[in-house]
Amino acid sequence: MIETPLAAAGPTSRTLREPDLRAPITPSPTAPLIQVTDLQKTYRTARGTLNLFQGLNLQVEPGEMVAIVGQSGAGKSTLLHILGALDAPSAGTVYCASTNVAKLSPREAAAFRNREIGYVWQFHYLLPEFTALENVAMPLLARGISKREGLELAANWLREVGLDDRSDHRPGELSGGEQQRVALARALVNNPRLLLADEPTGDLDETTAGRVFDLIERLHASHGLTSILVTHNLDLAARCTRALRLEGGRLAPLAAVPQTTLQTGSIEPKKHPFEC
Ligand SMILES: Nc1ncnc2c1ncn2[C@@H]1O[C@H](COP(=O)(O)OP(=O)(O)OP(=O)(O)O)[C@@H](O)[C@H]1O
Ligand SMILES: [Mg+2]
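Quick caveat, the model's predicted, so the values are computed rather than measured.

Undergrad: Help me out: how do you make sense of the overall build of the protein chain in this one?
TA: Helices and strands together make up the secondary structure of the protein chain, namely 9 helices and 10 strands. The burial tally for the protein chain puts 39% of its 276 residues in the buried class. Taking all contacts inside the protein chain whose residues are at least 6 apart in sequence as the whole, residues at least 24 apart take part in 69%.

Undergrad: It is not clear to me how the site of ligand 1 should be interpreted in this structure. Could you clarify?
TA: Around ligand 1, the neighbouring residues are Tyr-43, Thr-45, Leu-50, Leu-52, Gly-70, Ser-72, Gly-73, Ala-74, Gly-75, Lys-76, Ser-77 and Thr-78. Of all the secondary-structure elements, those providing two or more residues to the shell around ligand 1 are strand S1 (34–45), strand S2 (48–60) and helix H2 (76–83). Of the residues assigned to the shell around ligand 1, the class counts are 4 nonpolar, 7 polar and 1 charged.

Undergrad: I keep staring at the sheet that holds strand S7 (residues 194–198) and nothing clicks. Help me out?
TA: Sheet strands line up and pair through hydrogen bonds in the backbone, either parallel or antiparallel. Strand order in the open sheet formed by 6 strands is S6-S7-S8-S3-S9-S10, with mixed pairing between adjacent strands. Because the sheet does not close on itself, it has two edges, and the strands there are strand S6 (117–120) and strand S10 (250–253). Shown here is a sheet whose adjacent strand axes are inclined to one another by a mean of 20°, direction ignored. Of the pairings in the sheet, the one linking S7 to strand S8 (residues 226–230) comprises 5 bridges and is parallel in character. Along S8, the bridge assignment pairs Asp-198 with Val-230.

Undergrad: So what exactly am I meant to see when it comes to the nonpolar core here?
TA: One recurring pattern in soluble globular proteins is that nonpolar side chains are buried together. Counting 75 residues, the largest nonpolar core has Val-136, Ala-154, Leu-158, Leu-184, Ala-185 and Leu-196 as the members making the most contacts within it. With 8 residues, helix H4 (residues 132–142) is the largest single contributor of residues to this core.

Undergrad: Please explain the packing of H4 against helix H5 (residues 147–160) as it appears in this structure.
TA: What describes two packed helices is the angle between their axes and the distance between those same axes. For the pair H4 and H5, the least separation of the axes is 8 Å and the interaxial angle reads 120°. Taken together, the axes of H4 and H5 lie oblique to each other. In the crossing of H4 with H5, the sense of the turn from one axis to the other is right-handed. The residues of H5 that touch H4, namely those facing Ala-132, Leu-133, Val-136, Ala-137, Leu-140 and Leu-141, are Lys-147, Gly-150, Leu-151, Leu-153, Ala-154, Ala-155, Trp-157 and Leu-158.

Undergrad: I would appreciate a short explanation of the packing of helix H6 (residues 176–188) against helix H7 (residues 206–222) in the present structure.
TA: For the pair H6 and H7, interaxial distance at closest approach is 10 Å and the crossing angle is 20°. Relative to H7, the element H6 is oriented roughly parallel. Of the two possible hands of crossing, H6 and H7 adopt the one that is right-handed. Between H6 and H7, the residues in contact are Gly-176, Gly-177, Gln-180, Arg-181, Leu-184 and Leu-188 and Thr-208, Arg-211, Val-212, Leu-215, Ile-216 and Leu-219, respectively.

Undergrad: Would you mind showing me how to read the pairing of strand S3 (residues 65–69) here?
TA: The side chains of a regular strand alternate between the sheet's two faces. Counting buried positions along S3 gives 5 out of 5 residues, so the element sits mostly inside the fold. Neither face of S3 is open: one carries Met-65, Ala-67 and Val-69, the other Val-66 and Ile-68, and all of them are buried. Where S3 and S8 come together, 4 bridges link them in parallel fashion. The partner of Ala-67 across the bridge, within S8, is Leu-229. Relative to strand S9 (residues 242–247), S3 is paired through 4 bridges, and the arrangement is parallel. Residue pairing across strands places Ile-68 opposite Leu-244, the latter belonging to S9.

Undergrad: Sorry, what's going on with the sheet that holds strand S5 (residues 99–100) here?
TA: Here we have 4 strands laid out as an open sheet, ordered S2-S1-S4-S5, and antiparallel in their pairing. Edge strands, defined here as strands with exactly one partner in the open sheet, are S2 and S5. Sheet analysis places S1 next to S2, joined by 10 bridges and oriented antiparallel. By the bridge assignment, Lys-41 is partnered in S2 with Phe-53.

Parameters and conventions
- Residues numbered from 1 in each chain as written.
- Chains lettered and ligands numbered in written order.
- Predicted model: local features only at pLDDT ≥ 70, side-chain atom pairs only at ≥ 80, totals over all residues.
- Helix = DSSP H or I, 4+ residues; strand = E, 2+ residues; numbered from the N terminus.
- Buried ≥ 20, exposed ≤ 12 C-beta atoms within 10 Å, placed from the backbone.
- Contact = placed C-beta atoms within 7 Å.
- Near = placed C-beta within 6 Å.
- Nonpolar A, V, L, I, M, F, W, Y, C, P; charged D, E, K, R; others polar.
- Pairing = 2+ DSSP bridges.
- Axes fitted to C-alpha atoms, helices over the stretch in contact; angles between N-to-C directions.
- Core = buried A, V, L, I, M, F, W, Y, C linked by C-beta atoms within 7 Å.
- Parallel < 35°, antiparallel > 145°, perpendicular 65-115°, else oblique.
- Left-handed = near helix turned anticlockwise from the far one by under 90°.

Next up, the structure:
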């Protein structure tokens, strides 16, 4: 049986039911799913002001699978956090899944994330004391779905990621690739429109990373997702429908990159398929 703070909350869990945050007019299915305009993000620290984004623009259409690459510290994770209503912009507008994310209260933001966003990080962040099945069911319980139904839906998702025979394993009893597949199932169990993945294969060996990416591609297509993937792996970025580089606080199409130079130190140039 699952014992979660949410399940234990009893009647108060009703307050977790999400308010209707959609735009009053149903958006066209072909309208951009993400529209970021003139985004600024400024951090003020004891050592001064960091202007991370300086007029960043991004438009993502439904069904796109967009890779974002960039140096460490460029702001890739911060951008995903802002898109997913985990962090607030300093200025500019961010529409994500028909929602002006900067205008959400903390409670509305939590409901928005639960309903619209599937989030996968480099580290799986599964709860170690719960089984794979219970971990996948968590977002459903947070929406107030009954445990019985939640566990049934979670079991379907574990089957979809090829782990139905591991449902009673705790995260510590799973391989890195399996943990990330469980994290994917948990991210998608609420049928979000948008998958935000922050270096989802960054902690895996090359073969396992390729398999997890195969799974992401398959789920992206079969569930009609719109996906944004942050990666340092240019080969994986090249498999996305579009690849962007975050540099100097702005996004630009990923230009020709001598991949072998970046990855192995060889000077043999290799043209990137997303040359602009
Ligand atoms: N809360 C914060 N306060 C001050 N500075 C911050 C804060 N959060 C992030 N930063 C800074 O913003 C910059 C961008 O961080 P971010 O984590 O988005 O980079 P990243 O591109 O994801 O890097 P990596 O590839 O290493 O994950 C970094 O220089 C970081 O130190
Ligand atoms: Mg990061």
